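# Commentary on secondary and tertiary structure
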Amino acid sequence: MTGQNFRLPTEAEWEFAARGGNDSQGYKYAGSNDLPLVAWYSYNDSWELRGSGYYGPHAVATREPNELQLYDMSGNVHEWCHDRYGDYASGSQTDPTGPATGTTRVYRGGNWYFDDWFCRVSFRNGLSPTSSNYGIGFRLAL
């Protein structure tokens, strides 16, 4: 529809963007060390809003963005990455990609259901790409 090719970001691209790129301030979460400012997560979703009758993902951009003006990279929904999940290779790397084989894909970021530990920019995990879950979404890269 747009004439452009979109794809899932690599894990390295996702982390670089979540950390604020070249403008990074070194925050623990994407855009702040104060998680409720930048993310929907278990404390401000499932506890604060449970009484309102809403429990789940929120509209995008209802919290503050990070240094690159990207929203919701440390909460709301986990995000799929293109890379397969596996251990990081040892040593310094530039633009690494994940293992060539494997049955799980990387997901990053936090989500509305989990606590602050899962919302750290450094959090990563893997899951089968055939999994369906209302706590996982995606962000496209050009």
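Everything below is about the structure shown above.
A separate point is the pairing of strand 1 (residues 78-84). In terms of residue burial, strand 1 counts as a mostly covered element, since five of its seven residues are buried. Sheet topology places strand 1 next to strand 4 (residues 136-138); three bridges connect them, and they run parallel. Bridged to tryptophan 80 within strand 4 is phenylalanine 138. Direction of pairing for strand 1 relative to strand 2 (residues 105-108): antiparallel, over a ladder of three bridges. Residue glutamate 79 lies in a different strand from strand 2, and its bridge partner there is arginine 108.

Take the packing of aromatic side chains next. What the rule picks out here adds up to eight aromatic pairs. Centre to centre, the rings of tryptophan 112 and tyrosine 113 are 5.6 Å apart; their planes meet at 75 degrees, and the pair counts as edge-to-face. Classification of tryptophan 112 as buried rests on a relative accessible area of 2%. Relative to phenylalanine 118, the ring of phenylalanine 114 has its centre 4.9 Å away and its plane inclined at 50 degrees; by these criteria the two rings are tilted. In this structure phenylalanine 118 comes out as partly exposed when scored by relative accessible area, which is 24%. Site record: aromatic cluster; members linked through ring pairs are Trp80, Tyr107, Trp112, Tyr113, Phe114, Trp117, Phe118 and Phe123. The aromatic ring of tryptophan 40 is capped on one face by arginine 63, whose charged end is 3.8 Å from the ring centroid. Taking NZ or CZ as reference, arginine 124 lies 4.2 Å from the ring centre of tyrosine 88, over its face.

So, on to the sheet that holds strand 3 (residues 124-127). Ordered in space as 3-2-1-4, the four strands form an open sheet in which the pairing is mixed. The open sheet has two edge strands with one neighbour each: strand 3 and strand 4. Taken pair by pair, the neighbouring strands of this sheet meet at an average axis angle of 45 degrees, ignoring direction. With four bridges joining them, strand 2 and strand 3 adopt antiparallel strand pairing. By the bridge assignment, arginine 108 is partnered in strand 3 with arginine 124. Where helix 1 (residues 11-18) meets the sheet, it contacts strand 1, strand 2 and strand 3, and its direction lies at approximately 140 degrees from that of strand 1.

Here the phi dihedral of glutamine 69 falls at roughly 65 degrees; this positive angle occurs in a residue that is not glycine. For glutamine 69, the location among the structural elements is in the loop between helix 3 (43-47) and strand 1. Despite not being glycine, aspartate 72 shows a phi value in the positive range, around 60 degrees. The topology assignment puts aspartate 72 in the loop between helix 3 and strand 1.

About the thresholds
Residues numbered from 1 in each chain as written. Predicted model: local features only at pLDDT ≥ 70, side-chain atom pairs only at ≥ 80, totals over all residues. Heavy atoms only, no water. Buried < 20%, exposed > 50% of the residue type's maximum accessible area, 1.4 Å probe, protein only. Helix = DSSP H or I, 4+ residues; strand = E, 2+ residues; numbered from the N terminus. Pairing = 2+ DSSP bridges. Phe/Tyr/Trp six-rings, centres within 6.5 Å; stacked < 30°, edge-to-face > 60°. Lys NZ or Arg CZ within 6 Å of the ring centre and 35° of its normal. Axes fitted to C-alpha atoms, helices over the stretch in contact; angles between N-to-C directions. Contact = heavy atoms within 4.5 Å.

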